[in-house]
2 protein chains.
Amino acid sequence: MYPESLKDLIEGFKLLPGIGEKTAERLAFYILAIDEEKADFFSKSIIEAKHKLHKCSICSNITDEEKCNICSSNTRDNKTLCIVEDCRSIFLFEKTGSFKGYYHVLDNLISPLDGINPEDIGIEKLVKRIENSSFEEIIIAVKPSIEGETTSLYIKKILEGLNVKVTRIASGIPLGADIEYIDSLTLERALIDRKEIE
Amino acid sequence: MYPESLKDLIEGFKLLPGIGEKTAERLAFYILAIDEEKADFFSKSIIEAKHKLHKCSICSNITDEEKCNICSSNTRDNKTLCIVEDCRSIFLFEKTGSFKGYYHVLDNLISPLDGINPEDIGIEKLVKRIENSSFEEIIIAVKPSIEGETTSLYIKKILEGLNVKVTRIASGIPLGADIEYIDSLTLERALIDRKEIE
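In this text, all values refer to a predicted model and were calculated from it rather than measured experimentally.

## Considerations on the overall build of chain A
- For chain A, the count of helices and strands is 8 helices and 6 strands.
- Written out in order from the N terminus, the α and β elements of chain A read α-α-α-β-β-α-β-α-β-α-β-α-β-α.
- Its C-alpha atoms give chain A a radius of gyration of 22 Å, more than 25% over the compact-globule value 16 Å for 198 residues.
- Referenced to the eigenvectors of the C-alpha coordinate spread, the extents of chain A come out at roughly 65 × 45 × 35 Å.
- Across the 198 residues that make up chain A, the buried fraction comes to 42%.
- Partitioning the contacts of chain A with sequence separation of at least 6, the portion at a separation of at least 24 is 50%.
- Approximately 11500 Å² of chain A is accessible, and the part contributed by carbon and sulfur atoms is 52%.

## So, the side chain of Glu85 of chain A
- In this fold, Glu85 of chain A is placed in the loop between strand E3 (80–84) and helix H5 (87–96).
- Among the residues examined, Glu85 of chain A registers a relative accessible area of 19% and is labelled buried.

## What to know about the relation of the copies chain A and chain B
- For the pair chain A and chain B, the best superposition has an RMSD of 0.1 Å and corresponds to a rotation of 180° with a translation of 0.1 Å parallel to the axis. Such a turn and shift between the copies fits a two-fold axis. The position closest to the rotation axis in chain A is occupied by the C-alpha of Ser43 of chain A, lying 2.2 Å away.
- With an isologous cut-off of 70% or more, the 100% of interface residues of chain A that recur at the interface of chain B puts this contact in the isologous class.

## Some details on the packing of helix H5 (residues 123–131) of chain B against helix H6 (residues 146–158) of chain B
Residue and element names in this part refer to chain B.
- H6 packs onto H5 with a crossing angle of 45° between their chain directions and a minimal axis gap of 11 Å. Between H5 and H6, the angle falls in the class oblique. In this structure, H5 meets H6 at a crossing whose hand is right-handed. Listed contacts from H6 to Ile123, Leu126 and Val127 of H5 are Tyr154, Ile155 and Ile158.
- Taken together, the residues of the contact of H5 with H6 break down into 6 nonpolar, no polar and no charged.

## Re the domain arrangement of chain A
- Split by domain assignment, chain A resolves into domain 1 (4–52) and domain 2 (75–168).
- Put simply, the middle of domain 1 of chain A and the middle of domain 2 of chain A, counted by C-alpha atoms, are 36 Å apart.

## Some details on the pattern of salt bridges
- This model, assessed by the stated rule, comprises 22 salt bridges over all chains.
- Note that Glu11 of chain A and Lys14 of chain A form a salt bridge whose closest N and O atoms lie 3.5 Å from each other. With Glu11 of chain A and Lys14 of chain A both in helix H1 (residues 4–14) and 3 residues apart, the pair spans about one turn of that helix.
- With a shortest N-O distance of 3.2 Å, Arg168 of chain B and Glu149 of chain B are connected by a salt bridge. Of this pair, Arg168 of chain B sits in strand E6 (residues 165–168) while Glu149 of chain B sits in helix H6, and the two are 19 residues apart along the sequence.
- Overlapping salt bridges, with partners in common, bring together Glu11, Lys14 and Glu21 of chain A in one network.

## Brief notes about the interface of chain A and chain B
- Every contact between the two is made by 51 residues of chain A and, on the other side, 51 residues of chain B.
- Approximately 4900 Å² of surface area, both sides summed, lies buried where chain A meets chain B, with 71% of it carried by carbon and sulfur atoms.
- Of all residues in chain A, Met1, Lys50 and Arg88 of chain A give up the largest surface area on contact with chain B, accounting jointly for 15% of the area buried on that side.
- Here Glu25 of chain B makes a salt bridge to Arg88 of chain A, at a shortest N to O gap of 3.2 Å.
- The tally of links between chain A and chain B comes to 15 residue pairs in polar contact (both at pLDDT 80 or more).
- Looking at the side of chain A that touches chain B, the elements with two or more residues in it are H1, helix H2 (21–33), helix H3 (36–52), strand E2 (62–63) and H5 of chain A.
- Among the elements that line the side of chain A that touches chain B, the one with the most residues is H3 of chain A, at 16 residues.

## Comments concerning the environment of Asn108 of chain B
All names here are of chain B.
- Assignment of secondary structure puts Asn108 in the loop between strand E4 (102–105) and H5.
- Note: C-alpha distance between Asn108 and Val84 (24 residues apart in sequence) is 9.6 Å.
- Dropping the residues within four chain positions of it, Asn108 is found in contact with Ile116, Asp120 and Ile121.

## A look at H1 of chain A
- If you check which residues of H1 of chain A are buried, you get Ser5, Leu6, Leu9, Ile10, Gly12 and Phe13 of chain A. Take H1 of chain A and look down its axis: the buried residues cluster within an arc of 155°, on one side only.
- Buried-residue contacts for H1 of chain A involve H2 and H3 of chain A together with helix H3 (36–52), strand E2 (62–63) and helix H4 (87–96) of chain B.

## A closer look at unusual backbone geometry
- Positive phi, close to 70°, is recorded for Ser60 of chain A, a residue that is not glycine.
- For Ser60 of chain A, a relative accessible area of 4% corresponds to the buried category.

## Focus on the packing of H3 of chain A against helix H2 (residues 21–33) of chain B
- The geometry of H3 of chain A relative to H2 of chain B is characterised by a closest axis approach of 9 Å and an angle of 55° between their N-to-C directions. Taken together, the axis directions place H3 of chain A and H2 of chain B in an arrangement best described as oblique. Viewed along their axes, H3 of chain A and H2 of chain B form a crossing whose handedness is right-handed. Along the contact surface, H3 of chain A presents Ile46, Ala49 and Lys50 of chain A, while H2 of chain B presents Ile31, Leu32 and Ala33 of chain B.
- Its residues assigned to classes, the contact of H3 of chain A with H2 of chain B comprises 5 nonpolar, no polar and 1 charged.

## Focus on the nonpolar core
- Of all hydrophobic cores here, the largest spans 44 residues; its most connected members are Leu6, Phe13 and Phe42 of chain A together with Leu6, Phe13 and Phe42 of chain B.
- Going through the elements one at a time, H1, H2, H3 and H5 of chain A together with helix H1 (4–14), H2, H3 and H4 of chain B are the ones with two or more residues in this core.
- Discounting residues that sit within four places of it in the chain, Phe42 of chain A has contacts with Phe13 and Ile31 of chain A together with Gly12, Phe13, Leu15, Leu16, Phe42 and Ile46 of chain B.

Criteria and thresholds
Residues numbered from 1 in each chain as written. Chains lettered and ligands numbered in written order. Predicted model: local features only at pLDDT ≥ 70, side-chain atom pairs only at ≥ 80, totals over all residues. Heavy atoms only, no water. Helix = DSSP H or I, 4+ residues; strand = E, 2+ residues; numbered from the N terminus. Rg over C-alpha atoms; globule rule 2.2 N^0.38 Å. Buried < 20%, exposed > 50% of the residue type's maximum accessible area, 1.4 Å probe, protein only. Contact = heavy atoms within 4.5 Å. Areas by Shrake-Rupley, 256 points an atom, 1.4 Å probe, with all protein chains shown as cover. Least-squares fit on C-alpha atoms with pLDDT ≥ 70 in both. Axes fitted to C-alpha atoms, helices over the stretch in contact; angles between N-to-C directions. Parallel < 35°, antiparallel > 145°, perpendicular 65-115°, else oblique. Left-handed = near helix turned anticlockwise from the far one by under 90°. Nonpolar A, V, L, I, M, F, W, Y, C, P; charged D, E, K, R; others polar. Domains from an automatic or database assignment. Salt bridge = Lys/Arg side-chain N within 4 Å of Asp/Glu carboxyl O. Buried area = accessible area lost by both parts, 1.4 Å probe. Polar contact = N/O pair within 3.5 Å; in protein donor to acceptor, adjacent residues only side chain to side chain. Arc of directions from axis to C-beta. Core = buried A, V, L, I, M, F, W, Y, C linked by side-chain atoms within 4.5 Å.

So, in structure tokens, the structure goes:
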């Protein structure tokens, strides 16, 4: 019913997560209505991002240089390394402004059901990096799921003997949340990990 | 904080309606994770759609030919013409499968507050088309807003003397809707336009 190129545009939008037929149609018609320069800019931004961006050779963060801007910086705290599960986490932690150390992005979280085993998370690159560094604390900042917990324990075990403290970001009740909406596993964890008020 | 080409990609997504900073970031990171061919396809679909699609010379529907597939068809009912406010409406009416006539897309609905006057809706093209045709009924199928009503009345007036019946699609309560959620103007209209049960 639609002309071929409109069909393609709708299919293009449907590649995106959370965008179904109706939204894709709406967005496609929107593209037809905007200025040609804007559409060109959008189209090019997709190609350029795919072609220019790649993994930082040190931490696997996304970058358009050989080293990402965090690894290139000399003003950060070279005693702490924060391990994250994806590049997005880096930008989210950076937005908080409260972490000044370096980051390291894992290739994956261990998930045997999905065929992702300990050898698939990029542990060698991580170990080599820590061996050749002055890091004193390794903060594991992956999500508190079964995969996250398994990965944390595995990393902790592998780093034994490397003379670094291995920590894990806190789990518990998000700030501002109502306790009645919190699941019981989280409540249990919040109880177990309680802290003395100082 | 983000590399330049990632920033551009996020800005690109932010051009779309209903997509703010957070969603744009999420979609941009998604693009970085998908296959290069898929990203290429999406990027090209935007450019291609903008370059190949244009208005049908007869009805102003969107098409990649000189005439759209509806205007090119000889099997449709050449006695009825349905006037719509945008191309999307054509596809929506076509999906119902219950209209077999031809369509005509207006350039605009009359809206003096937005500086859109009767001369801006493309009335000459419409009148010329009707004069050179065998249409017996003109169905006005624009939304029942102030702009839609004004435009309908104006078209009705202009078409006087052209020996065509001018009709308007029904307003009233949508099928399946609860009456308690219907605004009073719609209820009033539903009452006024009541029909004898046959």
